[in-house]
Amino acid sequence: MSTPSPDSLLGPADIRELAAALGVRPTKQRGQNFVIDANTVRRIVRTAQVKPEDVVVEVGPGLGSLTLGLLETADRVTAVEIDDVLAGALPATIAARMPDRADRFQLVHSDAMEVTELPGPAPTALVANLPYNVAVPVLLHMLDTFPSIERTLVMVQAEVADRLAAAPGSKVYGVPSVKANWYAEVKRAGSIGRNVFWPAPNVDSGLVALTRRTEPVKTTASKREVFTVVDAAFAQRRKTLRAALAGWAGSAAAAETALVAAGVSPQARGESLTVEEFARIAEHAPNKEPGQQ
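Residues numbered from 1 in each chain as written. Predicted model: local features only at pLDDT ≥ 70, side-chain atom pairs only at ≥ 80, totals over all residues. Heavy atoms only, no water.

Student: Which residues make up the overall build of the protein, and what are the values?
Tutor: When helices and strands are counted, the protein shows twelve helices and nine strands. At 21 Å, the protein has a C-alpha radius of gyration in line with the 19 Å of a compact globule built from 293 residues. Summarising its shape, the C-alpha atoms of the protein cover approximately 65 × 40 × 30 Å along the three principal directions. Within the protein, the fraction of its 293 residues that count as buried is 49%. Contacts in the protein between residues far apart in sequence, at least 24 positions, make up 71% of those at least 6 positions apart. In the structure as shown, the protein presents an accessible area of about 13500 Å², 51% of it carried by carbon and sulfur atoms. A gap of 7 Å separates the mean positions of the 31 positive and 32 negative side-chain charges of the protein. (Helix = DSSP H or I, 4+ residues; strand = E, 2+ residues; numbered from the N terminus. Rg over C-alpha atoms; globule rule 2.2 N^0.38 Å. Buried < 20%, exposed > 50% of the residue type's maximum accessible area, 1.4 Å probe, protein only. Contact = heavy atoms within 4.5 Å. Areas by Shrake-Rupley, 256 points an atom, 1.4 Å probe, with all protein chains shown as cover. Lys, Arg positive; Asp, Glu negative; His and termini not counted. Charge placed at Lys NZ, Arg CZ, Asp CG, Glu CD.)

Structure follows, in structure tokens:
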């Protein structure tokens, strides 16, 4: 593998020059904040534990800061970009700054939430600076759609990072925490300051590392059934599960029966339960027949 030159990554002046040439003005609507610090890019790649044999999928590459950093190390990189102008310009940026690696890059011009397949070998890692407004749905969609993704590192708003990595009993433990844990072990992997972005956001960012479960959650319930229980439990956070799951079960009494059968206290609240406990509740849904998947 050839070693990229030290100046192959984008710096602040490069980013502004590229944006000006393309007439790009970062939009809040798409949560666009471009990373302008090469050291931060390399730190993200290191923290993601990207290996030379990895096939990395990146969501929202923007002007290509992180894409170039990933290409320095990974075997190949596939970037998913929804923005017409950015998608049109990225291949030329890669070819100009990293010509020896350009054949290892592919672009998918699409909304990440609509991507169901990717060109080339199956991805082994997901590394992305996710737009704040769609971070959680995009992350869950990619983990669900591409089971070959073993490791994930996403940069998200600090508050979202805390929610994703929260443990049962935490004040910020909720739907994102449980659903992410269905797929992976989740942990906070660092903080990112505001000054490495252009434009600088008015919130701090955090890194979240997810390692795919080697064994899925053991349950006879489907993912959809488990997630339905999770959504119902957190829709009314202050209520006990007996009350919060009354709509799901058909009545509070039916919810209590399901909870007792699952070995969960009807007086407990959703924020105290593990994903395994939610799965057990789903197995005892009032309308679920024994052995039904």
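Student: Describe in detail the pairing of strand β2 (residues 55–59), supporting the description with residues and values.
Tutor: The buried fraction of β2 is high, at five of five residues. A two-sided burial pattern is seen for β2, the buried positions comprising Val-55, Val-57 and Val-59 on one face and Val-56 and Glu-58 on the other. Tracing the backbone out of β2, into helix α3 (residues 65–73) and back to the parallel element strand β3 (residues 76–81) gives a crossover that is right-handed. Sheet analysis places β2 next to strand β5 (residues 125–129), joined by two bridges and oriented parallel. The partner of Val-56 across the bridge, within β5, is Ala-125. (Right-handed = clockwise from strand over helix to strand, strands pointing away. Pairing = 2+ DSSP bridges.)

Student: Could you give an account of the sheet that holds β5, with specific residues and numbers?
Tutor: The sheet built from seven strands is open, its strands ordered β4-β3-β2-β5-β6-β9-β7 with mixed pairing. This sheet does not close on itself; its edge strands, each paired only once, are β4 (105–109) and β7 (184–192). Ignoring which end each strand starts from, the neighbouring axes of this sheet average 20 degrees apart. The strands touched by helix α5 (residues 135–145) are β2, β5, β6 (151–157) and β9 (205–212); relative to β6, the strand with the most contacts, the crossing angle is about 170 degrees. (Axes fitted to C-alpha atoms, helices over the stretch in contact; angles between N-to-C directions.)

Student: Explain the packing of aromatic side chains to me, and be specific about the residues and the numbers.
Tutor: If you walk through the whole model with that rule in mind, you get five aromatic pairs. Where Phe-234 meets Phe-278, the ring centres are 5.9 Å apart and the plane angle is 45 degrees; that geometry is what we call tilted. Of the two residues, Phe-234 sits in helix α8 (residues 223–235) while Phe-278 sits in helix α12 (residues 275–283), which places them 44 residues apart along the sequence. (Phe/Tyr/Trp six-rings, centres within 6.5 Å; stacked < 30°, edge-to-face > 60°.)

Student: Describe the pattern of salt bridges, naming the residues involved and giving the relevant values.
Tutor: Following the criterion strictly, the structure yields twelve salt bridges and no others. Here Asp-54 makes a salt bridge to Arg-151, at a shortest N to O gap of 2.8 Å. With Asp-54 in the loop between α2 (38–47) and β2 and Arg-151 in strand β6, this residue pair connects regions lying 97 residues apart in the sequence. By the burial criterion, Asp-54 is buried, and Arg-151 matches it. For Asp-75, the salt bridge goes to Arg-76, with nearest N and O atoms at 3.6 Å. Here the residues in one salt-bridge network are Asp-75, Arg-76 and Arg-104, joined through shared partners. (Salt bridge = Lys/Arg side-chain N within 4 Å of Asp/Glu carboxyl O.)

Student: Just give me the short version of the packing of α8 against α12, but keep the residues and values in it.
Tutor: Two numbers describe how α8 lies on α12: the axes approach to 8 Å, and their chain directions differ by 105 degrees. When the interaxial angle is binned, α8 and α12 end up roughly perpendicular. Of the residues in α12, those in contact with Glu-225, Val-226, Val-229, Val-230, Ala-233 and Phe-234 of α8 are Phe-278, Ala-279, Ile-281 and Ala-282. Looking at the contact of α8 with α12, its residues break down into nine nonpolar, no polar and one charged. (Parallel < 35°, antiparallel > 145°, perpendicular 65-115°, else oblique. Nonpolar A, V, L, I, M, F, W, Y, C, P; charged D, E, K, R; others polar.)

Student: Which residues make up the nonpolar core, and what values go with them?
Tutor: The biggest cluster of nonpolar side chains holds 57 residues, and the ones touching the most others in it are Leu-130, Leu-210, Val-226, Leu-245 and Phe-278. Sequence-distant contacts of Leu-130, that is, excluding residues within four places in its chain, are made with Val-59, Ala-135, Val-138, Leu-139, Val-154, Met-155 and Val-156. The next biggest cluster of nonpolar side chains, apart from the first, holds 37 residues, and it includes Ala-19, Val-35, Ile-36 and Leu-66. (Core = buried A, V, L, I, M, F, W, Y, C linked by side-chain atoms within 4.5 Å.)

Student: Give a detailed account of helix α1 (residues 12–22), specifying residues and quantitative values.
Tutor: Restricting attention to buried positions, one finds in α1 the residues Ile-15, Leu-18 and Ala-19. Here the buried residues of α1 occupy an arc of 95 degrees about the axis, which is enough to place them on one side. Opposite the buried face of α1, at more than 90 degrees from it, the exposed residues are Ala-13, Glu-17, Ala-20 and Ala-21. Buried residues belonging to α1 abut β1 (34–35), α3, α4 (84–97) and β8 (197–198). (Arc of directions from axis to C-beta.)

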